[in-house]
Amino acid sequence: MRPVPTPMSYYRERLEGLAGAGLLRGLRPVDSPQGPRVRVDGREVLCFCSNNYLGLANHPQIVGAVQRAVAEWGWGSGASRLVSGSMTPHHRLEARLAAFKRAEAALLTPSGFQANLAAICTAVGPDDVVLLDKLNHASIIDAARASGARVRVFRHCDYDDLRKTLGQTTEHGRRLIVTDSLFSMDGDLADLKTLVAIKQHYDAILCIDEAHATGVFGSSGRGVAEAAGVEEHIDITVGTLSKALGGMGGFVCGSRDFVDCVINTARSFMYTTALPAAACAAAEAALDLIDAEPERRRRLLAMTADLRAQWRQNGFDVAGSASQIVPLVVGDAQRTVDLAEALLDRGILAPAIRPPTVPRGAARLRISVCADHTPEDVALLVDAVKASFPAA
Ligand SMILES: *Cc1c(COP(=O)(O)O)cnc(C)c1O
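Residues numbered from 1 in each chain as written. Predicted model: local features only at pLDDT ≥ 70, side-chain atom pairs only at ≥ 80, totals over all residues. Heavy atoms only, no water.

### Regarding the state of the cysteines
- Under the defined criterion, the tally for this structure stands at zero disulfides.
- Here C207 is not cross-linked by a disulfide; its sulfur's nearest cysteine counterpart is in C253, at 10 Å.
- The thiol of C261 is unpaired, and the distance to the nearest cysteine sulfur, on C121, comes to 13 Å.
- Overall, the relative accessible area of 40% leaves C261 in the partly exposed class. (Disulfide = S-S within 2.5 Å. Buried < 20%, exposed > 50% of the residue type's maximum accessible area, 1.4 Å probe, protein only.)

Structure, rendered in structure tokens:
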């Protein structure tokens, strides 16, 4: 007999629908610190899916800095930054981040997701329009919706389409262009030089999200804006401390006035508890390492350039990858899940990335390399993929 449906039955049916489409997700516990190798299901596997690009998540200098900071400042921050939660380590790190990003001011948020909410909801409101690249991160899309501005989407990195859209929106108030600088699922880069020329021509505001590029791109690791030589023309930069910097937290950089507006108006900044001071100490130690050890980012980018070349030779679709993120586009969601399982059997952790994270029919493995992987690790990955890749 079928159970009588209740309002809560909806959730079971929804999960069954996802499972039927090969789209059910689950959580797999990792039983070790993060690193080039992790323990999963009781055995050690090579981790080719983390954003711990520089291997800093468990770096002894950072762990030591956190331990000293906890001894000095305790753990919790107790309240919002606007109440009693604004501690000296927050202010010190903000000064350091502003200098690092060549901006007048920087402001910390508890995560990069909240940094996008804070930046975009401050930059525009209901009388304005926000223009988004089709492949921007979910936190940018949610922030644009939450801002109340009219949302227009341009085709991925298609700046003629952006110009056309800008030409159609002249009646609006402020116009904000937002783009990832390094796209998280395709591993390709926005053309910031062209975007700067467009924002100047149309008198728009340009906001870039350097979540995946901070610490990796640019000769000093400051990001794609540094690499492109356009830092002084970027109005607003969003970043995270949780990827290459190996910790937790997000930040917004911009003019002093803009950052003061974020402090005064952004709900995702005002109504949330400040980061622990120890997270600030971790980020400072990470910035020290980014400064002192440029070979980490050079090694990482050299290894991934090599990996991309090998996969192109083997006829794999690596999308537009030009970074430490190298997708392996399979297409069908279930076949991608099967490939990920086959790789795990061979000691490689790289879960399937499926819709809605990527468009339908573009399911993939999103391979990301860590500076602490060795060329031998990468060779194991290539062999495992070649042996497991489903025939078309
Ligand atoms: C991960 C990510 C974020 C969110 O950063 P968290 O610190 O993880 O919340 C924002 N933007 C982009 C492009 C990201 O990839």
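### Description of the site of the ligand
- By nearness alone, 14 residues border the ligand, and G112, D209, H212, T240 and K243 come closest of all.
- One nitrogen or oxygen atom from the main chain of G112 is found 2.8 Å from an oxygen atom belonging to the ligand.
- The side chain of D209 places a nitrogen or oxygen atom 2.5 Å from a nitrogen atom of the ligand.
- Ranked by residues supplied to the shell around the ligand, first place goes to helix α5 (residues 112-123) with three residues.
- Residues belonging to the shell around the ligand are distributed by class as follows: two nonpolar, nine polar and three charged. (Near = heavy atom within 4 Å. Polar contact = N/O pair within 3.5 Å; in protein donor to acceptor, adjacent residues only side chain to side chain. Helix = DSSP H or I, 4+ residues; strand = E, 2+ residues; numbered from the N terminus. Nonpolar A, V, L, I, M, F, W, Y, C, P; charged D, E, K, R; others polar.)

### Looking at the packing of aromatic side chains
- Taken as a whole, this structure holds four aromatic pairs when the rule is applied.
- When the centroid spacing of 6.3 Å and the interplanar angle of 55° are considered together, the rings of F154 and Y159 count as tilted. One exposure class covers both F154 and Y159, and it is buried.
- Counting every residue linked through ring pairs, the aromatic cluster contains W311, F316 and F389. (Phe/Tyr/Trp six-rings, centres within 6.5 Å; stacked < 30°, edge-to-face > 60°.)

### Brief notes about unusual backbone geometry
- With an omega dihedral of 5°, the bond running from P355 to P356 counts as a cis peptide bond.
- Notably, A319 is not glycine yet its phi reads approximately 50°, a positive angle.
- Within the secondary structure, A319 is located in the loop between α13 (294-313) and β10 (325-331).
- Accessibility expressed as a relative area gives 29% for A319, which makes it partly exposed.

### What to know about the packing of helix α2 (residues 60-73) against helix α12 (residues 277-292)
- Interhelical geometry of α2 versus α12 gives an angle of 150° and a closest axis separation of 8 Å. Taken together, the axes of α2 and α12 are roughly antiparallel relative to one another. α2 and α12 meet at a crossing whose hand is right-handed. Residues Q61, I62, A65, V66, A69, V70 and W73 of α2 form the contact with α12, whose participating residues are A277, A278, A281, A282, A285, A286 and L289. (Axes fitted to C-alpha atoms, helices over the stretch in contact; angles between N-to-C directions. Parallel < 35°, antiparallel > 145°, perpendicular 65-115°, else oblique. Left-handed = near helix turned anticlockwise from the far one by under 90°. Contact = heavy atoms within 4.5 Å.)

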